[in-house]
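# Residue-level structure breakdown
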Amino acid sequence: MSETRPVALVTGAGSGIGAAIARRLAADGHLVAVNDLDESRVAAMAGEIEAAGGSAIPAVADVSDSAAVDAMFDAVEAAAGPVEVLVNNAGIGGNAAIRNVTDDFWERVLSVDLHGVLYCTRRAVGPMRERRSGSVVTISSRAWLGWWGQSAYAAAKAGVVGMTRALALELASRNVRVNAVAPGIIDTPLLRDRDPERLERLLKSVPLGRPGRVEEVAAAVAFLLRSRAITGQLLYVCGGKSVYAYPDWKDA
Amino acid sequence: MGTVSIWPSEPPGLAGLADAVGERLGEPVEVVEDPRVSAGLVVIVTGVGDVGPAIDSGASPLVFVIGDGYLGTDVDDLSGGLGGAAAVAAARSLAVRRESHRRANVVCIPERFLGPSGELRGPLAHDIGVGDLADAVAFLMSDDAGYVDGQVLFVDGGRHLFSSMTA
């Protein structure tokens, strides 16, 4: 294991945006601890990073299980050293009209998208405070501003914005920075599975007129991680959708 | 990307910004008298009057550098705050334009950088310098920020967290 590479733990790194973040941080010289729920995805991503000349170790765990999260950090620290960077990316989507938002649905979305961020961040920043060095980036979503069918998801993604801002202040004197990225519509396998007509309608709410690339989200994460004067920032990577997203865009 | 320039001036608190941005972009960056000569433009906003000519320049990408007075931080000098508010409105309006679209963003720094003194701290326990501002400007100018449009980046050690206008 290379001792010169700072360790970056990326949750939900088995696919989509998380995979792009893992690739980018490996290319930027981090040893990447690849977290995902799915063991085979973790092995594939870690193998891909190593094959490209980077360093990676597997970190399988369910982020919504606080004991499993603590054990994962213990194992990563034992194998690779202190975790210098945490990227809270793991999350699940959830589209439901309010009449269908059952207790179970609400709890499932919040347990991963909000509680999971708490469990990983709480465990990560303890040693960061002690070392007076560290950086956390959490993936929120433009949807926290509100969208049809997103009451649970928006609540969770708004929750992480508040958590980010509070912790940025709380940890600033210890030189631990805490920031967030709010993606808009990003070109992932999940998006490509959508009904083309619905997708076209959805893209009309994006001023840039195209979905973002996962690499563009990863580049924003990498920027915040290296920016020593920035903390508490919520950076939208949304092609202008957060500016004004009126869905029946007149010029579209 | 083409030529990136800074307009209309480099205040004493931002001395060395052009060189620092140029170093990061790998091409020379100069302070110019005419904003229309550039492909990409960094606008140092010290008043409302700086915003209109920047829009008319046609430059893209555009980065407005503003003080944090528009958040309500400085009651003595309203002109800086009004210029900042105008620049944020301009960047947001340009970002949602479908025709003759230009990518436009804002970097917000503590107001005093636009005066004679740059060194300052926010909640983070170290000074903020021109290099930190140059990092943010160069990022927003680059393809890495290709899907970042109409946004405000706060290079201030976390001072913006005391305002509701920052999320």
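Above: the structure in question.
## Points about the pairing of strand β4 (residues 83–88) of chain A
Residue and element names in this part refer to chain A. Most of β4 is tucked away, with 6 of its 6 residues classed as buried. With 4 bridges joining them, strand β1 (residues 7–10) and β4 adopt parallel strand pairing. Directly across from Val10, in β4, lies its bridge partner Val87. Two elements, β4 and strand β5 (residues 134–139), share 4 bridges in a ladder whose sense is parallel. The residue bridging Leu86 from the neighbouring strand is Val136, located in β5. In this fold, the crossover linking β4 to β5 by way of helix α4 (residues 103–131) has right-handed handedness.

## Here we look at the nonpolar core
A general feature of soluble globular proteins is that nonpolar side chains tend to end up buried together. Counting 142 residues, the largest nonpolar core has B:Val107 and B:Val137 as its most contacted members. Per-element accounting of this core gives the leading share, 10 residues, to helix α8 (residues 214–226) of chain A. When residues no more than four places from it in sequence are discounted, the contact partners of B:Val137 are B:Val21, B:Val42, B:Val63, B:Val65 and B:Val107.

## Re the packing of helix α3 (residues 66–80) of chain A against α4(A)
All names here are of chain A. Put simply, α3 and α4 touch, their axes get as near as 9 Å, and they point 35 degrees apart. The way α3 lies across α4 gives a crossing that is right-handed. In contact with Ser66, Val69, Asp70 and Phe73 of α3, α4 contributes Tyr119, Cys120, Arg123 and Ala124. Tallied by class, the residues present in the contact of α3 with α4 amount to 5 nonpolar, 1 polar and 2 charged.

## Structural notes on the interface of chain A and chain B
Contacts between chain A and chain B engage 31 residues on the former and 28 residues on the latter. Broken down by secondary-structure element, the contributors of at least two residues to the side of chain A that touches chain B are α5 (151–172), α8 and β7 (234–237) of chain A. Looking at the side of chain A that touches chain B, the element that brings in the most residues is α5(A), giving 5 residues. When the residues that make up the side of chain A that touches chain B are grouped by side-chain class, the tally is 18 nonpolar, 9 polar and 4 charged.

## A closer look at the sheet that holds strand β1 (residues 4–7) of chain B
Residue and element names in this part refer to chain B. Strand order across the open sheet formed by 6 strands is β2-β1-β3-β4-β5-β6, with parallel pairing between neighbours. Sheet topology places β2 (30–31) and β6 (152–154) at the edges, where each strand pairs with a single neighbour. Both β1 and strand β3 (residues 40–44) contribute to a ladder of 4 bridges, which runs parallel. The partner of Ile6 across the bridge, within β3, is Val42. Packed onto the sheet, helix α4 (residues 130–141) meets β1, β3, β4 (62–67), β5 (104–109) and β6 and runs at close to 170 degrees relative to β5.

## Digging into unusual backbone geometry
Following B:Trp7, the chain continues to B:Pro8 via a peptide bond in cis, the omega torsion being -5 degrees. Along the polypeptide, B:Pro8 turns up in the loop between β1 and α1 (17–25). Its identity as a non-glycine residue notwithstanding, A:Arg132 has a phi of 55 degrees, on the positive side. Along the chain, A:Arg132 falls in the loop between α4 and β5. For B:Ser100, which is not glycine, the phi torsion reads 45 degrees and is therefore positive. Considering the arrangement of structural elements, one finds B:Ser100 in the loop between α3 (78–96) and β5.

How each quantity is defined
- Residues numbered from 1 in each chain as written.
- Chains lettered and ligands numbered in written order.
- Predicted model: local features only at pLDDT ≥ 70, side-chain atom pairs only at ≥ 80, totals over all residues.
- Buried ≥ 20, exposed ≤ 12 C-beta atoms within 10 Å, placed from the backbone.
- Helix = DSSP H or I, 4+ residues; strand = E, 2+ residues; numbered from the N terminus.
- Pairing = 2+ DSSP bridges.
- Right-handed = clockwise from strand over helix to strand, strands pointing away.
- Core = buried A, V, L, I, M, F, W, Y, C linked by C-beta atoms within 7 Å.
- Contact = placed C-beta atoms within 7 Å.
- Axes fitted to C-alpha atoms, helices over the stretch in contact; angles between N-to-C directions.
- Left-handed = near helix turned anticlockwise from the far one by under 90°.
- Nonpolar A, V, L, I, M, F, W, Y, C, P; charged D, E, K, R; others polar.

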